[in-house]
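The residues making up each chain are set out below.
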Amino acid sequence: MGRKTADQGQKRKKKDPGAPKRPTTAFFYFVKHCRDENLIKADRVSEFTKACAEKWKKMNDDDRVNYDNAAKKDRARYDEEMAIFKPVKDPGKPKKSQTAFLLFVASMRPKLKEQGLPNKDILVKAGELWRGLDETEKEPFEDQAKVAKQKYLEDMERYNSKQSGASPAKKVKKVEPANGADDSDESEDESAEESD
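### Let's talk about the packing of helix α1 (residues 26-37) against helix α2 (residues 45-58)
Here is step 1: Between α1 and α2, whose axes approach to 10 Å, the crossing angle comes to 120 degrees. By the angle between their axes, α1 is oblique relative to α2. Crossing hand, α1 versus α2: right-handed. Along its contact with α1, which presents Ala26, Phe27, Phe30, Val31, Cys34 and Arg35, the element α2 presents Phe48, Cys52, Ala53, Lys55 and Trp56.

### Thoughts on the packing of aromatic side chains
Here is step 1: Applying the stated criterion across every chain yields a total of nine aromatic pairs.
Here is step 2: Where Phe104 meets Phe141, the ring centres are 5.3 Å apart and the plane angle is 85 degrees; that geometry is what we call edge-to-face. Highlighted residues: Phe104 in helix α4 (residues 100-114) and Phe141 in helix α6 (residues 135-164), separated in sequence by 37 residues.
Here is step 3: Here Phe141 falls in the buried class, since its relative accessible area comes to 15%.
Here is step 4: Grouping aromatic residues by their ring pairs yields a cluster made of Phe27, Phe28, Phe30, Trp56 and Tyr67.
Here is step 5: Here Arg64 stacks its cationic end above the ring of Trp56, 4.2 Å away from the centre of that ring.

What counts, and at which threshold
Residues numbered from 1 in each chain as written. Predicted model: local features only at pLDDT ≥ 70, side-chain atom pairs only at ≥ 80, totals over all residues. Heavy atoms only, no water. Axes fitted to C-alpha atoms, helices over the stretch in contact; angles between N-to-C directions. Helix = DSSP H or I, 4+ residues; strand = E, 2+ residues; numbered from the N terminus. Parallel < 35°, antiparallel > 145°, perpendicular 65-115°, else oblique. Left-handed = near helix turned anticlockwise from the far one by under 90°. Contact = heavy atoms within 4.5 Å. Phe/Tyr/Trp six-rings, centres within 6.5 Å; stacked < 30°, edge-to-face > 60°. Buried < 20%, exposed > 50% of the residue type's maximum accessible area, 1.4 Å probe, protein only. Lys NZ or Arg CZ within 6 Å of the ring centre and 35° of its normal.

Structure follows, in structure tokens:
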């Protein structure tokens, strides 16, 4: 169980190096105290942590006051630093492409808005409508999404090559529309790549 790792499908978000350090919890202050004072003897880290957790659960609120106060103080520090911190966003970085579903929602929004639905209900209704579509009705949105994704990948390739300078950009995987449309530009690109 536990946390999903990158190989299990969840990508870890890169932390901004300038971001403030996250606040320490009261439990972690307690664990640090146990480690510093050698209050719990254990051969392994996992055994030590389990013993700390059991001891923590048995503690009453009066025993936890010092740890809670330290955690509140650290949380206040973090909140103060986060209020000042502004993550740096690159205005030149391409936006991610929309999925087929989001393109469908964008096309349905005006019609659903006319019915007087609030935004939340618009999304719920659009989801119901999307699930009710068959594959042929979804195809135009999926084709648009594939084209948009291909453009995004190409834009990202150009963006990354500008960022890295001398290092070669990653190859972009071609995404072909589901209807099998063949662009003459793609065949020219492929023949140019073969001659290299």
